[in-house]
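An overview of the molecular structure
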Amino acid sequence: MPLSRSLSMTSLTGVLPPWEEDELPVEDLLLFEVSWEVTNKVGGIYTVIQTKAKITVDEWGDNYYMMGPYFEHNFKTQVESCEPPNPAIRKAMDALIHNGCQVHFGRWLIEGSPYVILFDIGSAAWNLDRWKGDLWDTCNIGLPYHDREANDSLILGSLIAWFFKELTDHLGDKPNVISHFHEWQAGPGLILSRSRKIPMATVFTTHATLLGRYLCAGNTDFYNNLDKFNIDKEAGERQIYHRYCLERAAVHCAHVFTTVSQITAVEANHMLHRKPDVVTPNGLNVKKFSAMHEFQNLHSTNKSQIQEFIRGHFYGHLDFNLDKTLIFFIAGRYEFSNKGADIFLESLSRLNYLLRVHRNDVTVVVFFIMPAKTNNFNVESLKGQAVRKQLWDTAHAVKEKFGRKLYDALLKGQIPDLNNILDRDDFTIMKRAIYATQVVFHPEFLSSTSPLLPMDYEDFVRGCNLGVFPSYYEPWGYTPGECTVMGIPSVTTNLSGFGCFMEEHVSDPAAYGIYIVDRRFRSAEESCNQLTQFMFSFCQQSRRQRIIQRNRTERLSDLLDWRYLGRFYIHARHLALSRAFPDKFKMDPMAPLKTEGFRYPRPYSVPPSPSASIHSTPHHSDVEDEDDEPYDEDEEAERDRMNIKSPFVLNAVPEGKKQQPGESRN
């Protein structure tokens, strides 16, 4: 069957290094990717597998399949049912179906249209007790009856292991199978497959360790005590010991263990007692605009829509100039400390003080986009937006009446008396609109169908000036990544996978609009001051400097494109094959990954970073600097391409800082 590969980087800006690793004979292989979030959106893993599907299908064609749980509503709305192209897969499915277990096949209706194999957990639930016994006999892991999620994971894993046994029996020696499992919910399938000696190469990826997330949510000084935790005791006290055992067993059963960032690799080494073989960063499907000004125009358009919401939200208190207003936001799960909402609020208080002391006329409006439990819209908030619309309609009605009177007067050759052009009724209508209500409210979610702020998340992000994500626990961090590909500067930390990745790949992240708060080697007070300074300095930039910076931020999007980051997954698969089938696939286990050693250089021309743009006296954000040297985006980009630095050391500890437990120097 025809297979295509689209991993050439020539379509990008020409900056990124070429892929040099030997290509796998994909026509002689089958690749399966297993996750609880295939066609089932629960968290960030859904974004990973959904966005990665296109480049994987381009590489593997009809030899790539995703596997997960079947949910009727998801299948009807997201999947197009069809027959498997491979007869062996059809036979494996039939073996389960003939034994009373329902299996569904189709194409997932996302970019790339990958094949999906979905297992109906409910149809196989009658086997649960027997499969619990199999798990106990295999690895002495027992699951409590009340943990529905763990029990469902075991049913899914048992079905998947059964499927792989039937499949490999039908396939024989060729083609060979690679199976990639994501997170602990997919772990039982890997554990059972390996214990039954099913001939296939296995990869396991943890996107965040179970215990790490629990410990950080409890305000533990996590990173300074990694080597001090009694892991079994901590898991037992949180009643997740059985889940932890599933996760740890999967990690140690896999031929290749990967995680999404270097900071999570250090964590996994302590929590799960295995050092990851490969770090597989999370990417996005980056769609470049044909002209640089296009994404800038989108910023302006969406910012205007946000400003309309602000007019309604602060109606009665709108004593600031929206043309000199900057829009910041934070987004993510409602985990107050893990996501850094605590340090962000404190820093905003300090920023407010600095802006007042320096008599800066810039106003900052901040949005917290953190979905939480709600019963309905706040009546007052709906009323506020209705008042804003009423004011708009009233202004237009009066404008039309004013225009007609002005037009009639001019036709008569008269200059109208402006004192009489509006009558008492007009003033009455305007006063009624002005005194209608007052509003103080903040929206809790974003949707294009919302009556409050009818914008999708992507459009909202494009309209903001700065995203602020000072997370304490963030194995990767898609929110600053999404800002980057949309050309919006952001604040992240060196405890997030994204922040660590940018420190490794960009010589001066701040110059490109990626501000990295040090939450690993500094105290909370010092980190808070650093975040405050970043935001205050950002407020000092001129409008022109912000435009230049957005151009530079958007240029980093190539680094986050799956066409670049997908190579780490290729490396992991190749390594797994060499360990599972050493006679067929050769790979030097000590050879370094050939993607290391690349960095974006410090940009040329006008420095937009806050440290270089603070004026001795505050100035308006819209004032242009007459003395700025000429700036040519295309010329600067070409200089950057020619100015790639020499290979660098990954995971280097900053000068004067103590190396943390479990941290390695490459």
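Residues numbered from 1 in each chain as written. Predicted model: local features only at pLDDT ≥ 70, side-chain atom pairs only at ≥ 80, totals over all residues. Heavy atoms only, no water.

This part covers the overall build of the chain. Looking only at helices and strands, one finds 22 helices and 14 strands in the chain. Looking at the chain as a whole, 56% of its 666 residues are labelled buried. Excluding contacts between residues fewer than 6 apart, the proportion of contacts in the chain whose partners are at least 24 apart in sequence is 75%. Of the accessible surface of the chain, which amounts to about 29300 Å², a share of 51% is contributed by carbon and sulfur atoms. (Helix = DSSP H or I, 4+ residues; strand = E, 2+ residues; numbered from the N terminus. Buried < 20%, exposed > 50% of the residue type's maximum accessible area, 1.4 Å probe, protein only. Contact = heavy atoms within 4.5 Å. Areas by Shrake-Rupley, 256 points an atom, 1.4 Å probe, with all protein chains shown as cover.)

Here the focus is the sheet that holds strand E13 (residues 490-493). Spatial strand order, E11-E10-E12-E13-E14: five strands in an open sheet with parallel pairing. The outermost strands of the open sheet, each flanked by one partner alone, are strand E11 (363-369) and strand E14 (514-517). Strand after strand, the sheet turns through a mean of 25° between neighbouring axes, direction not considered. Pairing between strand E10 (residues 325-331) and strand E12 (residues 466-468): two bridges, direction parallel. Within E12, the residue paired with Phe 328 across the bridge is Leu 466. Relative to the sheet, helix H12 (residues 341-357) contacts E10, E11 and E12, its axis offset from that of E11 by approximately 170°. Contacting E13 and E14, helix H17 (residues 497-505) runs over the sheet at an angle of about 115° to E14. (Pairing = 2+ DSSP bridges. Axes fitted to C-alpha atoms, helices over the stretch in contact; angles between N-to-C directions.)

Further remarks concern the side chain of Thr 51. Relative to the helices and strands, Thr 51 resides in helix H1 (residues 44-60). Looking at Thr 51, the relative accessible area reads 10%, which means it is buried. Looking at Thr 51, its side chain comes within polar contact range of the main-chain oxygen of Thr 47, at 2.6 Å. A distance of 2.7 Å separates the side chain of Thr 51 from the side chain of Trp 562, its partner in a polar contact. (Polar contact = N/O pair within 3.5 Å; in protein donor to acceptor, adjacent residues only side chain to side chain.)

Attention now goes to the pattern of salt bridges. Pairing between side chains becomes possible if they bear opposite charge and their charged atoms approach one another. Counted by the stated rule, this structure contains 25 salt bridges. Across the pair Lys 339 and Glu 474 runs a salt bridge, and its minimum N-O distance is 2.9 Å. Taken together, the residues Lys 339 in the loop between E10 and H12 and Glu 474 in the loop between E12 and helix H16 (478-485) connect sequence positions 135 residues apart. A single burial state applies to Lys 339 and to Glu 474, both of which are buried. The network of salt bridges with common partners includes Glu 83, Arg 90 and Asp 94. (Salt bridge = Lys/Arg side-chain N within 4 Å of Asp/Glu carboxyl O.)

Bringing the packing of aromatic side chains into the picture now. Applying the stated criterion across every chain, the model contains 29 aromatic pairs. Judged by centre distance (5.7 Å) and plane angle (65°), the rings of Tyr 46 and Trp 108 are edge-to-face. In this pair, Tyr 46 sits in helix H1 while Trp 108 sits in strand E4 (residues 103-108), placing the two residues 62 residues apart along the sequence. Residue Tyr 46 is classed as buried on the basis of its relative accessible area, which comes to 9%. Look at Trp 108 and you get buried, because its relative accessible area is 1%. Where Tyr 564 meets Phe 568, the ring centres are 6.4 Å apart and the plane angle is 85°; that geometry is what we call edge-to-face. Within this pair, Tyr 564 and its partner Phe 568 are both found in helix H20 (residues 562-580), separated by four residues, close to a single helical turn. You can call Phe 568 buried: its relative accessible area is 7%. Members of the aromatic cluster, connected to one another through ring pairs, are Phe 32, Tyr 65, Phe 105, Tyr 115, Phe 119, Phe 163 and Phe 164. The aromatic ring of Tyr 569 is capped on one face by Lys 52, whose charged end is 4.6 Å from the ring centroid. The ring centre of Tyr 115 lies 4.0 Å from the NZ or CZ of Arg 107, which sits over that ring. (Phe/Tyr/Trp six-rings, centres within 6.5 Å; stacked < 30°, edge-to-face > 60°. Lys NZ or Arg CZ within 6 Å of the ring centre and 35° of its normal.)

All right, on to the environment of Ile 141 then. One can find Ile 141 in the loop between helix H4 (128-139) and helix H5 (148-171). Residue class for Ile 141 comes out buried when judged on its relative accessible area of 6%. Spatially, the C-alpha atoms of Ile 141 and Leu 246 are 7.4 Å apart, while their sequence positions differ by 105 residues. Residues within four places of Ile 141 in sequence aside, it is in contact with Leu 135, Trp 136, His 242, Cys 245, Leu 246 and Ala 249.

Let's shift gears to helix H6 (residues 187-195). In terms of burial, H6 is a largely internal element, seven of the nine residues being buried. Buried residues belonging to H6 abut H4, H5, strand E6 (176-182), strand E7 (201-206) and helix H9 (241-253). Where H6 ends, the next residue or the one after it, Lys 197, has phi of about 55°, a positive value.

Taken over all residues, the pLDDT of the chain has a mean of 81, while the share at 70 or more is 74%. Within the model, pLDDT remains below 50 along residues 1-14, and this stretch shows 33 contacts once partners closer than five positions in the same chain are excluded. (pLDDT = per-residue confidence, 0-100.)

Glancing now at the pairing of E13. Residues Ser 490 and Thr 492 of E13 are buried on one face, and the alternating residues Val 491 and Thr 493, pointing to the opposite face, are buried as well. Summarising the sheet, E12 and E13 pair through two bridges and their orientation is parallel. Considered in E13, the bridge of Val 468 is made with Val 491. Note: E13 against E14, four bridges, orientation parallel. Bridging across to E14, Thr 493 finds its partner in Val 517. Handedness of the crossover joining E13 and E14 through H17: right-handed. (Right-handed = clockwise from strand over helix to strand, strands pointing away.)

Closest axis-to-axis distance for the H6/H9 pair is 9 Å, and the angle between their directions is 50°. Taken as axis vectors, H6 and H9 run oblique relative to one another. H9 is crossed by H6, and the crossing has left-handed handedness. Along its contact with H6, which presents Gly 187, Pro 188, Leu 190, Ile 191 and Arg 194, the element H9 presents Leu 246, Ala 249, Ala 250 and Cys 253. Taken together, the residues of the contact of H6 with H9 break down into seven nonpolar, one polar and one charged. (Parallel < 35°, antiparallel > 145°, perpendicular 65-115°, else oblique. Left-handed = near helix turned anticlockwise from the far one by under 90°. Nonpolar A, V, L, I, M, F, W, Y, C, P; charged D, E, K, R; others polar.)

Glancing now at empty space enclosed by the protein. Rolling a probe over the atoms, with the probe sized like a water molecule, indicates the empty space that remains. In the structure shown here, the tally under the stated rule is one cavity of 30 Å³ or more. Estimates place the volume of the largest cavity at around 40 Å³. Asn 282, Gly 283, Leu 284, Trp 476, Tyr 478, Gly 481, Glu 482, Phe 498 and Leu 560 together form the lining of the largest cavity. The element that contributes the greatest number of residues to the lining of the largest cavity is H16, accounting for three residues. (1 Å grid on protein atoms, 1.4 Å probe; cavity = no way out; pocket = protein on both sides within 12 Å on 5 of 7 lines; lining within 4 Å. Points joined across faces, edges and corners; volume = space filled by probe spheres on them.)

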